[in-house]
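A closer look at the structure
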Amino acid sequence: MKEILRIFTELFIDNAFVMSFLLVGIISLFSNFVSAKITRGKIHTSAIAIFIGLILAYVGGKMTGGSKGLSDVSIFAGIGILGSSSLRDFTIVATSFGAKLSEIKKCGVVGIVSLLTGVILTYIIGALISVAFGYTDAASVATIAAGTVTFVVGPVTGAAVGASSTVIAISIAAGVFKSIAVMLVTPLIAKKIGLTTPGAAMVFGGIMGTTSGVSAGLAATDPKLVPYGAMTSTFYTGLGCLLCPSVLYSLTRLFLG
């Protein structure tokens, strides 16, 4: 038995990248079952899969004391490659290709306004929450506030303004929490807020921002809306990376002294 386990362990380690596809496939299959049979489609498969992924990342980090989650475990090292930014960006671009230019043009100024409103309003809310929890220096407040914009903007802002690693970690956690909340709540409130057209999806993506949360939430609502929500939410991250470490950070310093 020990020899069989050794062979399988070596197989996973030597073929880590290939085996990562197997692991993701198993998680996706299980998530699809939970979505279809237990939640009856109210929570999308991707939302459940991401939640499971976060749990596994936490367990992997606790087991190894590392910083890369499950990929710190040698037999799951391929997850770190499979989940790299290159594949993430490829997915975002591929999703956006499903959007029709005619529908994007209809959004026009409304889409731009939704982006600015989403970034600034979310930043303000995040800043107020961080102050409520006792953070008073501009760098920390700005980093946590940027994290509530998205979990990508938080670390970018933290590195730019010189925030501590602890604060940067908090900003990432804030962004992940927001992403999960958006993907779970979106299908429950979509019809009530009129989230039924491409234009509405673009405005929604511009206001909420989190690409993973918006895409998963819209997929559970109407898969045809996903490219439009992903389109503006992708710009949201870029706009956040532009505004948070510069204009919004400067304003935060002005208010906090």
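Quick note: structure is the one above.
Below, the structure is looked at part by part. All figures in this text were calculated on a predicted structure; none of them were measured in a lab.

On to the overall build of the protein chain. Along the protein chain, the regular secondary structure elements total twelve helices and zero strands. Listed by position from the N terminus, the elements making up the protein chain come as α-α-α-α-α-α-α-α-α-α-α-α. Across the 257 residues in the protein chain, those meeting the buried criterion constitute 40%. In the protein chain, the proportion of contacts linking residues at least 24 apart, taken out of those at least 6 apart, comes to 67%. Working note: accessible area of the protein chain is about 14,100 Å², and carbon and sulfur atoms make up 73% of it.

So, on to helix α10 (residues 198–208). Along α10, the residues classified as buried are Ala201, Met202, Phe204, Gly205 and Gly206. Downstream of α10 by a residue or two, Gly209 has a phi angle that is positive, lying close to 85°.

What follows concerns the environment of Val18. Along the chain, the position of Val18 falls in helix α2 (residues 16–38). Separated by 61 residues in the primary sequence, Val18 and Ile79 have C-alpha atoms spaced 9.4 Å apart.

What follows covers the packing of helix α11 (residues 211–221) against helix α12 (residues 226–256). Packing of α11 against α12 leaves a shortest axis separation of 9 Å and a crossing angle of 170°. Between α11 and α12, the interaxial angle falls into the category roughly antiparallel. For the pair formed by α11 and α12, the contact residues are Thr211, Val214, Ser215, Leu218 and Ala219 on the first element and Val226, Gly229, Ala230, Ser233, Thr234 and Thr237 on the second. Per-class residue counts for the contact of α11 with α12 are five nonpolar, six polar and no charged.

So, about the nonpolar core. Taken as a class, soluble globular proteins show a tendency for nonpolar side chains to be buried jointly. Grouped together as the largest cluster of nonpolar side chains are 23 residues, with contacts concentrated most on Val119, Tyr123, Val149, Cys244 and Leu248. It is helix α7 (residues 138–149) that provides the largest number of residues to this core, a total of eight residues. Excluding its chain neighbours within four sequence positions, the residues that come into contact with Val119 are Val149, Tyr236, Leu239, Gly240, Leu243 and Leu248. One finds Ala190, Leu195, Phe204 and Met231 within the second-largest nonpolar core, a separate group that totals 13 residues.

Let us now look at the side chain of Thr143. Residue position: Thr143 is located in helix α7. For Thr143, the side chain forms a polar contact with the main-chain oxygen of Ala139, separated by 2.7 Å. With near-sequence residues (within four places) excluded, Thr143 lies in contact with Gly154, Thr157, Gly158, Val161, Ala163, Val167, Ile168 and Ser171.

Relative to the elements of secondary structure, Ile172 occurs in helix α9 (residues 165–189). Exposure remark for Ile172: the relative accessible area of 34% places this residue in the partly exposed category. For Ile172 and Gly147, which are 25 residues apart along the polypeptide, the C-alpha to C-alpha distance reads 5.6 Å.

Summarising the element assignment, Thr186 is placed in helix α9. With relative accessibility at 2%, the residue Thr186 sits in the buried group. A distance of 2.5 Å separates the side chain of Thr186 from the backbone oxygen of Val182, its partner in a polar contact. Apart from residues no more than four positions distant in its own chain, Thr186 is found in contact with Leu195, Phe204, Gly217, Leu218 and Thr221.

What counts as what
- Residues numbered from 1 in each chain as written.
- Predicted model: local features only at pLDDT ≥ 70, side-chain atom pairs only at ≥ 80, totals over all residues.
- Heavy atoms only, no water.
- Helix = DSSP H or I, 4+ residues; strand = E, 2+ residues; numbered from the N terminus.
- Buried < 20%, exposed > 50% of the residue type's maximum accessible area, 1.4 Å probe, protein only.
- Contact = heavy atoms within 4.5 Å.
- Areas by Shrake-Rupley, 256 points an atom, 1.4 Å probe, with all protein chains shown as cover.
- Axes fitted to C-alpha atoms, helices over the stretch in contact; angles between N-to-C directions.
- Parallel < 35°, antiparallel > 145°, perpendicular 65-115°, else oblique.
- Nonpolar A, V, L, I, M, F, W, Y, C, P; charged D, E, K, R; others polar.
- Core = buried A, V, L, I, M, F, W, Y, C linked by side-chain atoms within 4.5 Å.
- Polar contact = N/O pair within 3.5 Å; in protein donor to acceptor, adjacent residues only side chain to side chain.

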